[in-house]
Amino acid sequence: MADNKQQTHLNGAFYGPSIPPPNNTYHRPGGHRSSGRNCLCSLFCLLFKIIVALVIIIGLAILIFWLIFRPTNLKFHVTDATLTQFDLSNNTLRYNLALNLTARNPNRRVGVYYNKIDARAYYAGQRFGSVPLDAFYQGRKNTSVWRPVFQGQNLVLLSGADLNNFNAEKSTGVYSIDVRVHLRLRLKFGRLKTPTMTPKIKCDLKVPLSGSGLVSFQTTKCDLDM
């Protein structure tokens, strides 16, 4: 009887404490890579915001300066031109040209430092003379007069339409001469100075030969190319 009870105990089901499931931790592949990518994006966003802020600040500063000083373009005119010689022989041009060129600074709060002035004369697109002028400072609401003189001889090759045009102008006594003035200048706003700028002055002139008595030189406005 005892054996039967023992067998029954062995054959019966045993209900003990449950076995906990294994602790499986799942790691997403590339987790560190994703974190690094997020940091890089944050850095780029921060740099972008800084750049935008700097652009806005600089833009506001320029606008404030413009509203305070309101700079107006400089004005240039050739008021007089005297041409006593303009002969072409054997591809050699002999010339003597004197100009009065006015430079007007109409600004009330802006001064101009002319650090370099180089006047050049052209005929039919060919340069035949160059004259450096003295550097100087031009104050506010001021007009200065430059007097470049082109004198000497130089090689000028004319053919076809250019040669025909020269002969036609020789018969009328009025020559198409272009003068270009290359500048290196800085503007002065109060105590501040701008970086160096290199504008060009373009003067397309009709200059009568002295002694022809047919026409006189007319004041000509020059264009400023910034």
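Look up a bit, the structure's there.
Before going into details, it helps to say that this report is about the structure given with it. (Residues numbered from 1 in each chain as written. Predicted model: local features only at pLDDT ≥ 70, side-chain atom pairs only at ≥ 80, totals over all residues. Heavy atoms only, no water.)

Describing the overall build of the protein
Right, so step 1: Counting secondary structure elements, the protein contains three helices and twelve strands.
Right, so step 2: The burial tally for the protein puts 28% of its 226 residues in the buried class.
Right, so step 3: If you take every contact in the protein between residues at least 6 apart in sequence, the share linking residues at least 24 apart comes to 70%. (Helix = DSSP H or I, 4+ residues; strand = E, 2+ residues; numbered from the N terminus. Buried < 20%, exposed > 50% of the residue type's maximum accessible area, 1.4 Å probe, protein only. Contact = heavy atoms within 4.5 Å.)

Some words on the pattern of salt bridges
Working definition: two side chains of opposite charge can pair if their charged atoms are close together.
Right, so step 1: Per the stated rule, a full pass over the model turns up three salt bridges.
Right, so step 2: When the shortest N-O distance is used, the salt bridge between K202 and D225 registers 3.7 Å. With K202 in strand β10 (residues 200-208) and D225 in strand β12 (residues 223-225), this residue pair connects regions lying 23 residues apart in the sequence.
Right, so step 3: The exposure class of D225 is partly exposed, given its relative accessible area of 39%. (Salt bridge = Lys/Arg side-chain N within 4 Å of Asp/Glu carboxyl O.)

Quick notes on unusual backbone geometry
Glycine aside, residues mostly have negative phi, and peptide bonds are mostly found in the trans state.
Right, so step 1: At A124, a residue that is not glycine, the phi angle is positive and equals roughly 55°.
Right, so step 2: Locating A124 in the fold gives a position in the loop between β3 (110-123) and β4 (126-133).
Right, so step 3: Since its relative accessible area comes to 35%, A124 is described here as partly exposed.
Right, so step 4: With phi around 50°, K141 is a residue other than glycine that occupies positive phi space.
Right, so step 5: With respect to the secondary-structure elements, K141 resides in the loop between β5 (136-138) and β6 (142-146).

What about the environment of S176?
Right, so step 1: Following the sequence through the fold, S176 ends up in strand β8 (residues 174-189).
Right, so step 2: The sequence separation of S176 and V207 amounts to 31 residues, and the corresponding C-alpha distance is 6.5 Å.
Right, so step 3: Residue contacts for S176: discarding those within four places in its chain leaves Y122, Y123, E169, L205 and K206.
Right, so step 4: One polar contact links S176 to K206, side chain to side chain, over a distance of 2.6 Å. (Polar contact = N/O pair within 3.5 Å; in protein donor to acceptor, adjacent residues only side chain to side chain.)

Quick word on the state of the cysteines
Right, so step 1: Taken as a whole, this structure holds one disulfide when the rule is applied.
Right, so step 2: Linked covalently through their sulfurs, C203 and C222 form a disulfide whose S-S length is 2.1 Å. Its S-S torsion of about 110° marks the bond between C203 and C222 as right-handed, since a negative value means left-handed. Of the two residues, C203 sits in strand β10 while C222 sits in the loop between β11 (220-221) and β12, which places them 19 residues apart along the sequence. Across the pair, exposure class does not vary: C203 and C222 are buried alike. (Disulfide = S-S within 2.5 Å.)

Here's the deal with the pairing of strand β2 (residues 92-105)
Right, so step 1: Counting buried positions along β2 yields ten of 14 residues, so the element is predominantly enclosed.
Right, so step 2: In this structure, strand β1 (residues 75-89) lies alongside β2, joined through 13 bridges in antiparallel fashion. Considered in β2, the bridge of D80 is made with N100.
Right, so step 3: Hairpin connection of β1 to β2: two residues between the antiparallel strands, including N90 at a positive phi of 55°.
Right, so step 4: In this sheet, strand β7 (residues 149-155) lies alongside β2 in antiparallel orientation, the contact comprising seven bridges. (Pairing = 2+ DSSP bridges.)

Treat this as a map of the structure, not an account of what it does.
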